[in-house]
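Analysis of the macromolecular model
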Amino acid sequence: MPETQRRQNLTDFFEELSVLEEDSQYKICFRCGVVTMFYAMNTGDIVADCAKIAQATGNQLNKTEINFYTKEIHEKVLWGKQLKAYLDTAIQNQEFLVYLQPKIDTKSEKIYGAEALIRWNYKNKGLMPPIKFIPYFELDDSIIKIDEIVLHQVCRKLKSWKEKGYSLHPISVNLSRKHLEQTNVAEHLTKIVDSYGIDHQYIEFELTESATNDNQKYMLSILQDLHNKGFLISMDDFGTGYSSFGLLKEMPLDTLKIDKSFVDFIAVEEEPNKNKIILQHIISMANALGIHCIAEGAEYYEQIKVLENLGCNTVQGFYYSKPIPMEDFEENYIKTTKDALDKWEER
């Protein structure tokens, strides 16, 4: 029997679930990752991970999929292993840089805060975008090292600004799912921040909505612990998953970051504008719960005005600034604010 026919017979067998009730059946769809013998011999003890990677390439809803581990996937796996093998050397060589993207109050057009974003000057040959390395580190505890590089650099810069007498604003740093899974993580993160003498109110721990999917009870206890210690808590990419609304009443959130996908089309002239309607209700709900809203990805003046009319007055996006080096952020937003205050006091 041909291989494709055998696979078809296998899926047909598993796709029907019979129950005790007469004439009752339920349709079952599943997604399977397959590693052929050739790649199994070349991947060794990570063959199960390779199968999971192949499985994750599926994207069909309500349909059974069998996805094979391919040459393209294999090259990505090898690239990931190369990056992880080099990670400690890169840290020693100080190749990781932190950029800051400002969050702006649209009414006053003054700085509200910033988000810290990692960049990698890979082997000092130029910046590598996060999409080229972050997904590989997220597969294991390597991402924790990245999280902590960012936190240390942010705290070091905040300490410098404090010593110079500059006004401080909250800076958000990513808290990965792997980080949340660690024991005593709240105490560990607090120890890092306290070593720089930074008030907790200037550090905002930001997690993506997908990071809240596993072991929610434990995750919520960690976030509550951090919040009780005075740190700010933010949920990124809100609206892109399935668990958001149920978690809003449970999570100790200070900030809700509205995903760019909702902002992209709000200024489009169409009736009814579904993006605008959804956005309006998200903002209203957050405001009623006492949660601050920040809209990500605004690129045009028209989007800014729509967001203001909907009640969202804090924006992070290219309209105001792309992510920039810390030194440029200090010069453009932190130092200029102090200079303006000094001139006002001299009057």
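In this text the structure is predicted, and so the values were computed from the model without any measurement.

1. Things to note about the packing of helix H12 (residues 274–288) against helix H13 (residues 301–310)
Closest axis-to-axis distance for the H12/H13 pair is 9 Å, and the angle between their directions is 45°. Comparing the axis directions of H12 and H13 gives the class oblique. When you trace H12 past H13, the crossing you get is right-handed. Note on element contacts: H13 touches H12 through Val306, Leu307 and Leu310, opposite Lys276, Leu279, Gln280 and Ile283.

2. Section: the packing of aromatic side chains
By the definition in use, this model includes 13 aromatic pairs. For the pair Tyr86 and Tyr122, a centre-to-centre distance of 5.6 Å together with 80° between the ring planes defines the contact as edge-to-face. Remark: Tyr122 occurs in the loop between strand E6 (110–121) and strand E7 (127–128) and Tyr86 occurs in helix H4 (residues 71–92); sequence separation between them is 36 residues. Measuring from ring centre to ring centre gives 4.9 Å for Tyr319 and Tyr320, while their planes differ by 85°; the resulting arrangement is edge-to-face. If you follow Arg119 out to its NZ or CZ, it ends over the ring of Tyr99, 5.6 Å from the centre.

3. Some points on the pattern of salt bridges
Evaluated as defined, the whole model comprises 13 salt bridges. Linking Lys164 and Glu330 is a salt bridge whose minimum nitrogen-to-oxygen distance equals 2.9 Å. In this pair, Lys164 is assigned in the loop between helix H6 (142–163) and strand E8 (171–174) and Glu330 in helix H14 (residues 326–346), connecting sequence segments 166 residues apart. Residue class for Glu330 comes out buried when judged on its relative accessible area of 9%. Its salt-bridge partner being Glu308, residue Lys305 comes within 2.8 Å of it at the nearest N-O pair. Here Glu308 and Lys305 lie together in helix H13, a separation of 3 residues that amounts to about one turn. Each of Glu115, Glu206, Lys257 and Glu296 takes part in salt bridges that share partners, so that together they form one network.

Cut-offs used in this document
Residues numbered from 1 in each chain as written. Predicted model: local features only at pLDDT ≥ 70, side-chain atom pairs only at ≥ 80, totals over all residues. Heavy atoms only, no water. Axes fitted to C-alpha atoms, helices over the stretch in contact; angles between N-to-C directions. Helix = DSSP H or I, 4+ residues; strand = E, 2+ residues; numbered from the N terminus. Parallel < 35°, antiparallel > 145°, perpendicular 65-115°, else oblique. Left-handed = near helix turned anticlockwise from the far one by under 90°. Contact = heavy atoms within 4.5 Å. Phe/Tyr/Trp six-rings, centres within 6.5 Å; stacked < 30°, edge-to-face > 60°. Lys NZ or Arg CZ within 6 Å of the ring centre and 35° of its normal. Salt bridge = Lys/Arg side-chain N within 4 Å of Asp/Glu carboxyl O. Buried < 20%, exposed > 50% of the residue type's maximum accessible area, 1.4 Å probe, protein only.

Bear in mind that shape data such as this cannot, by itself, settle questions of function.
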